[in-house]
Amino acid sequence: MQEQLERERKSLTVVGTLPFPEVPVITGDVEYSNGIITISGRWTFPAQRGTAALLGAAYEVLKNHGGGLLRAVLAGDNGQGYGSRAIYRYLVENPDVIRTNVLVFHYLFPDVDWHGKIIIALEKISPRPILIADAGFMYVAKMSGQASLYDLFTPDVGELAFLADEEAPHPFYTRGFLLHENNRLFDLIERAYSHGNAAKNLLVKAAVDHIVVQGQLVATISEPNVPELEAIGGTGDTLTGIVSALVASRLEITDAMVLAAKTNRMAGSLAKPTVATPITNLIEKIPYALNKVLGGAV
Amino acid sequence: MGILSVFKRKKNLLKPEQSSASEGMLVFENTSEVIKAERVLKDAGYNVRVMGPPPELRTGCDLVVVFPIVIQLQVIRLLKAEGLEPVKTVPVSSPLLSPVSLFHVKEFGDFIMVRAANMKLSFEKGSGLIVNISGGGCPDVPFVAAQMIGKTLWDAPSPREIGYTLCAYALSLALEHGKSLCPRPQA
């Protein structure tokens, strides 16, 4: 009983989509093994890129460090938005699902109206979960002007430029002068905060990861340096999964961001990847990478 | 217990809804096309509306169709099937914004990565084989990536044809730019 309460105290709930449009809204405990995600012991999916990769990484962290509960709310969506809207409706009608220590919103169709309804549902929950957004839900959080309600965003460089562009409704419309490679990342970070388009904390995934707390750069992580990771689909998702699990295990957000950035890089280094390496090769290295980083090897 | 074995296809009951702070405008040659486009999109279940354009877009046709911009690709495809092509598609929030036109190219030994906005496409130099796709945040990205990886730049389906969102649109630009960097091998 005590053990279950402790696991609940460290619970992580991930909300996202799968690339199989026929999947209805499903929710339950998550397990991961050999590249396959299993929900409630019933439904199985390959942990390729996207939310499934995030879940695989989070599972490996919680299993080996922290022991918290990992739950998911998922639906199939091929980009038309049906699955995402079914999830939004489900969450609004079943708010107990989002009673959790850490709540992550991930690959979801950006819909400002539904975003507003989710925020209203969250306002009724006490204590409010720690809110993390990445991918489509980070886009809609920015578009709705409510980015500052979130505790953590995990943008890559292209997404940071979008957050920095107060006029762009989507990264596709980010203005060229903000996308230019000569931009210093911190200039983009400052601009995102100055327009209220950043979360309280930012973990910017880049050649040098930037750790930002309330607009202040507190750390940069550049080692191990594995340039191929940028091209491998899912490396951003695993980073978000690792940091979310570390925050759920009651680590302070700043420490979790630093540890996650080092662990993701170390997992990449241990996998010895090429540009063609699948993300599951990195996920299986996460427990070793975390141990190595915690042992002070980096 | 097989992957997806427990699911059966269900008819989608939800219709796309409006995203008021994230809308785009379709600009046409003439009012007649605006009216036809509105009818086509409304018949397909989209919550669109017709409005007057901002001053910077006034070119003679004083009406535009307003729609949720994230599904730009889906809307354009639907209109094209009906013989309607807008002259311009722009965000309501800032009508002078243009789609991304800046590409970043990185080489990794035998591979090249092309980035367009938030989307990255990587392929083998000689063969043009697509080996990875990363970035993006709309839900069609994992779906589109699964259809493209393992095919060449020329054989892979275009994200414009199989995707629905602006992320897919950005990926299609990366694909086109990749083709321009890699001569097609002779059969």
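Residues numbered from 1 in each chain as written. Chains lettered and ligands numbered in written order. Predicted model: local features only at pLDDT ≥ 70, side-chain atom pairs only at ≥ 80, totals over all residues. Heavy atoms only, no water.

## Quick notes on the overall build of chain B
Link 1 in the chain: Along chain B, the regular secondary structure elements total five helices and eight strands.
Link 2 in the chain: Walking chain B from its N terminus toward its C terminus, one meets helices and strands in the order β-α-β-β-α-β-β-β-β-β-α-α-α.
Link 3 in the chain: Looking at chain B residue by residue over its 187 residues, the buried ones come to 53%.
Link 4 in the chain: Carbon together with sulfur atoms contributes 51% to the accessible area of chain B, which is approximately 8400 Å² in total. (Helix = DSSP H or I, 4+ residues; strand = E, 2+ residues; numbered from the N terminus. Buried < 20%, exposed > 50% of the residue type's maximum accessible area, 1.4 Å probe, protein only. Areas by Shrake-Rupley, 256 points an atom, 1.4 Å probe, with all protein chains shown as cover.)

## Some words on the overall build of chain A
Link 1 in the chain: Summing up its helical and strand segments, chain A has twelve helices and eleven strands in all.
Link 2 in the chain: Taking 2.2 N^0.38 as the reference for a compact globule, 298 residues should give roughly 19 Å; the C-alpha atoms of chain A span a radius of gyration of 18 Å, in line with that estimate.
Link 3 in the chain: With the principal axes as the frame, chain A shows a C-alpha extent of 50 × 45 × 35 Å.
Link 4 in the chain: Here chain A holds 298 residues, and the buried ones make up 63% of them.
Link 5 in the chain: When the accessible surface of chain A is split by element, carbon and sulfur atoms take 48% of a total near 10100 Å². (Rg over C-alpha atoms; globule rule 2.2 N^0.38 Å.)

## Notes on the pattern of salt bridges
All names here are of chain A.
Link 1 in the chain: One pass over the structure, following the stated rule, counts 20 salt bridges over all chains.
Link 2 in the chain: Between R128 and D151 there is a salt bridge; the shortest N-O distance is 2.8 Å. With R128 in the loop between α4 (112-123) and β7 (130-133) and D151 in the loop between α5 (135-143) and β8 (152-153), this residue pair connects regions lying 23 residues apart in the sequence.
Link 3 in the chain: With a closest N to O distance of 2.8 Å, R265 and D209 form a salt bridge. (Salt bridge = Lys/Arg side-chain N within 4 Å of Asp/Glu carboxyl O.)

## Examining the sheet that holds strand β4 (residues 88-91) of chain B
Residue and element names in this part refer to chain B.
Link 1 in the chain: Read from one edge to the other, the open sheet built from four strands follows the order β2-β3-β1-β4, with strand pairing classed as antiparallel. Of all the strands in the sheet, just β2 (49-51) and β4 have a single pairing partner and so form its edges. Here the average twist between neighbouring strands, direction ignored, is 35°.
Link 2 in the chain: Two strands pair when backbone bridges link them, and strand β1 (residues 23-27) and β4 are joined in this way by four bridges, in the antiparallel orientation. Within the sheet, the bridge partner assigned to V27 lies in β4 and is K88.
Link 3 in the chain: With respect to the sheet, helix α1 (residues 31-43) is in contact with β1, β2 and β3 (64-68), its orientation differing from that of β3 by roughly 25°. (Pairing = 2+ DSSP bridges. Axes fitted to C-alpha atoms, helices over the stretch in contact; angles between N-to-C directions. Contact = heavy atoms within 4.5 Å.)

## Here we look at the interface of chain B and chain A
Link 1 in the chain: The partner chain A presents 63 residues to the 65 residues of chain B that form the contact.
Link 2 in the chain: In total, about 5600 Å² of surface goes out of reach between chain B and chain A, with carbon and sulfur atoms giving 63% of it.
Link 3 in the chain: Run the count over chain B and chain A and you get two salt bridges.
Link 4 in the chain: Between D156(A) and K120(B) there is a salt bridge, with the nearest N and O atoms lying 3.5 Å from each other.
Link 5 in the chain: Inspection of the chain B/chain A interface yields 13 residue pairs in polar contact (both at pLDDT 80 or more).
Link 6 in the chain: Of all elements in the fold, only α2 (72-81), β4, β5 (103-108), β6 (111-116), β7 (119-124), β8 (130-135), α3 (140-148) and α5 (166-181) of chain B reach the threshold of two or more residues within the side of chain B that touches chain A.
Link 7 in the chain: When the residues that make up the side of chain B that touches chain A are grouped by side-chain class, the tally is 35 nonpolar, 21 polar and nine charged. (Buried area = accessible area lost by both parts, 1.4 Å probe. Polar contact = N/O pair within 3.5 Å; in protein donor to acceptor, adjacent residues only side chain to side chain. Nonpolar A, V, L, I, M, F, W, Y, C, P; charged D, E, K, R; others polar.)

## Examining the pairing of β7(B)
Look at any regular strand and the pattern is simple: side chains alternate between the two faces of the sheet.
Residues and elements named next belong to chain B.
Link 1 in the chain: A large share of β7 lies buried, amounting to five of its six residues.
Link 2 in the chain: Pairing of β6 with β7 involves six bridges; the strand directions are antiparallel. From the neighbouring strand, I112 faces β7, where its bridge partner is F123.
Link 3 in the chain: The hairpin formed by β6 and β7 contains two residues between the paired strands, and A117 there has a positive phi angle of roughly 55°.
Link 4 in the chain: Sheet analysis places β7 next to β8, joined by five bridges and oriented antiparallel. Opposite M119, over in β8, you have G135 as the bridge partner.
Link 5 in the chain: Joining the antiparallel neighbours β7 and β8 is a turn of five residues, in which G128 adopts a positive phi near 75°.

## Looking at the packing of aromatic side chains
All names here are of chain A.
Link 1 in the chain: Applying the stated rule across the entire model yields nine aromatic pairs over all chains.
Link 2 in the chain: Ring centres of F20 and F45 lie 6.1 Å apart, and the angle between their planes is 15°; this geometry places the pair in the stacked category. Taken together, the residues F20 in the loop between β1 (12-18) and β2 (26-33) and F45 in strand β4 (residues 43-46) connect sequence positions 25 residues apart. Like F20, the residue F45 is buried in the burial classification.
Link 3 in the chain: Ring plane angle 50° and centroid distance 6.0 Å describe the contact between Y88 and F137, whose orientation is recorded as tilted. (Phe/Tyr/Trp six-rings, centres within 6.5 Å; stacked < 30°, edge-to-face > 60°.)

## Some thoughts on the nonpolar core
Link 1 in the chain: Counting residues in each nonpolar core, the largest one holds 98 residues, and the members touching the most others are F105(A), F153(A) and L121(B).
Link 2 in the chain: With nine residues, α5(B) is the single largest residue contributor to this core.
Link 3 in the chain: Discounting residues that sit within four places of it in the chain, F153(A) has contacts with A133(A), M138(A), A141(A), A147(A), L163(A), N197(A), A198(A), A199(A), N201(A), L202(A) and L203(A).
Link 4 in the chain: With 60 residues, the next largest nonpolar core counts V30(A), A58(A), L246(A) and L259(A) among its residues. (Core = buried A, V, L, I, M, F, W, Y, C linked by side-chain atoms within 4.5 Å.)

## Overview of helix α9 (residues 235-248) of chain A
All names here are of chain A.
Link 1 in the chain: With 14 residues, α9 should reach 20 Å at 1.5 Å per residue; the first-to-last C-alpha distance of 20 Å fits that figure.
Link 2 in the chain: The buried fraction of α9 is high, at 14 of 14 residues.
Link 3 in the chain: Two residues or fewer after α9 comes R250, characterised by a positive phi angle close to 80°. (Expected span 1.5 Å × (residues − 1).)

## Some words on the packing of helix α3 (residues 82-93) of chain A against α4(A)
Residues and elements named next belong to chain A.
Link 1 in the chain: Taken N-terminus to C-terminus, the directions of α3 and α4 make an angle of 20°; their axes are 9 Å apart at the nearest point. If you check the angle between α3 and α4, you find them roughly parallel. Where α3 crosses over α4, the handedness of that crossing is left-handed. The residues of α4 that touch α3, namely those facing R85, Y88, R89, L91 and V92, are W114, K117 and I118.
Link 2 in the chain: Split by residue class, the contact of α3 with α4 holds five nonpolar, no polar and three charged. (Parallel < 35°, antiparallel > 145°, perpendicular 65-115°, else oblique. Left-handed = near helix turned anticlockwise from the far one by under 90°.)

## Observations regarding the side chain of T238(A)
Link 1 in the chain: Locating T238(A) in the fold gives a position in helix α9.
Link 2 in the chain: Of the polar contacts made by the side chain of T238(A), one reaches the side chain of N264(A); its length is 2.8 Å.

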